[in-house]
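For reference, the chains in residue letters:
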Amino acid sequence: MADDLNGQGFRVIALAYKQMPGGSDEPVYSVKDESDLILLGFLAFLDPPKDTAAEALQRLHGLSVDVKSPDRDNEIITSYICKQVGMPVEHLLLGSQSRR
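The present account deals with the structure reproduced in this document. (Residues numbered from 1 in each chain as written. Predicted model: local features only at pLDDT ≥ 70, side-chain atom pairs only at ≥ 80, totals over all residues. Heavy atoms only, no water.)

## Considering the overall build of the protein chain
When you go through the protein chain residue by residue, the secondary structure sums to 3 helices and 2 strands. Start at the N end of the protein chain and walk to the C end: the helices and strands fall as α-β-β-α-α. Expressed as a percentage of the 100 residues in the protein chain, the buried residues total 12%. At a minimum sequence separation of 6, the contacts of the protein chain that also span at least 24 residues come to 61%. Surface accessibility of the protein chain: about 8,800 Å² in total, with carbon and sulfur atoms responsible for 52%. (Helix = DSSP H or I, 4+ residues; strand = E, 2+ residues; numbered from the N terminus. Buried < 20%, exposed > 50% of the residue type's maximum accessible area, 1.4 Å probe, protein only. Contact = heavy atoms within 4.5 Å. Areas by Shrake-Rupley, 256 points an atom, 1.4 Å probe, with all protein chains shown as cover.)

## Let's talk about a nonpolar patch on the surface
A cluster of nonpolar side chains, contributed by I13, L15, Y17, I38, L40, L43 and F45, occupies part of the molecular surface with about 620 Å² of accessible area. The greatest single-element share of the nonpolar patch, amounting to 4 residues, is contributed by strand β2 (residues 38-46). Along the chain, Y17 turns up in strand β1 (residues 10-17). Given the relative accessible area of 36%, Y17 is considered partly exposed. (Patch = residues over 30% accessible without salt bridge, like charges linked within 9 Å, V, L, I, M, F, W, Y side chains within 5 Å. Salt bridge = Lys/Arg side-chain N within 4 Å of Asp/Glu carboxyl O.)

## Here we look at the side chain of D33
Relative to the assigned elements, D33 resides in the loop between β1 and β2. Buried charge without a partner: D33 forms no salt bridge, and the closest opposite charge is K18, 4.7 Å away. What D33 contacts, discounting residues up to four positions off in sequence, is K18, M20 and V28. (Lys, Arg positive; Asp, Glu negative; His and termini not counted.)

## Describing helix α3 (residues 75-84)
Residues of α3 that are buried: I77, T78, S79, I81 and C82. Remark: G86 follows α3 within two positions and exhibits a positive phi of approximately 75°.

## Section: the pattern of salt bridges
Tallying each qualifying case throughout the model produces 1 salt bridge. A salt bridge links D47 to R11, with the nearest nitrogen and oxygen atoms 3.2 Å apart. Separated by 36 residues along the polypeptide, D47 in the loop between β2 and α2 (53-62) and R11 in strand β1 bring together distant segments of the chain. Using a relative accessible area of 37% as the deciding quantity, one classes D47 as partly exposed.

## Here we look at unusual backbone geometry
Residues apart from glycine generally show negative phi values, whereas peptide bonds are mostly found in trans. One non-glycine residue, D36, adopts positive backbone phi at about 55°. Looking at the element boundaries, D36 is found in the loop between β1 and β2. D36 gets classed as exposed once you look at its relative accessible area, which sits at 69%. Although it is not a glycine, S64 adopts a positive phi angle of roughly 65°. Tracing the sequence through the fold places S64 in the loop between α2 and α3.

## Observations regarding the environment of L39
When you line up the elements, L39 lands in strand β2. Taking C-alpha positions, L39 is 7.4 Å from A14, a pair spaced 25 residues apart along the chain. In this view, L39 contacts A14, L15 and A16; residues no more than four positions away in its chain are not counted.

What follows is the structure, encoded as structure tokens:
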């Protein structure tokens with residue numbers, strides 16, 4: 001279901017919670033506290049490119065300017081947005097593939 005939403009350009013966030021023991025004024029949480037969460041559901045929202053993006057990219061192309069788009073999204077959303085603004089997806093480099 002989430003991939004279908006992403007394929008349409010939606011961003012999807014899972015909402016979950018966990019009851020934590022009380023007692024301290026300043027609770028300290030760690031990564032291990034992010035287990036055994038109770039899923040409430042998914043929040044999906046559309047974040048379309050600006051109306052002027054495609055025109056701006058065409059003008060830059062006409063000036064022989066190559067545009068690269070660093071993006072933190074996943075491959076599905078990045079490809080979808082690039083297609084929406086007329087930007088070819090030729091060499092998609094994911095963060096997990098880059099050298100650190």
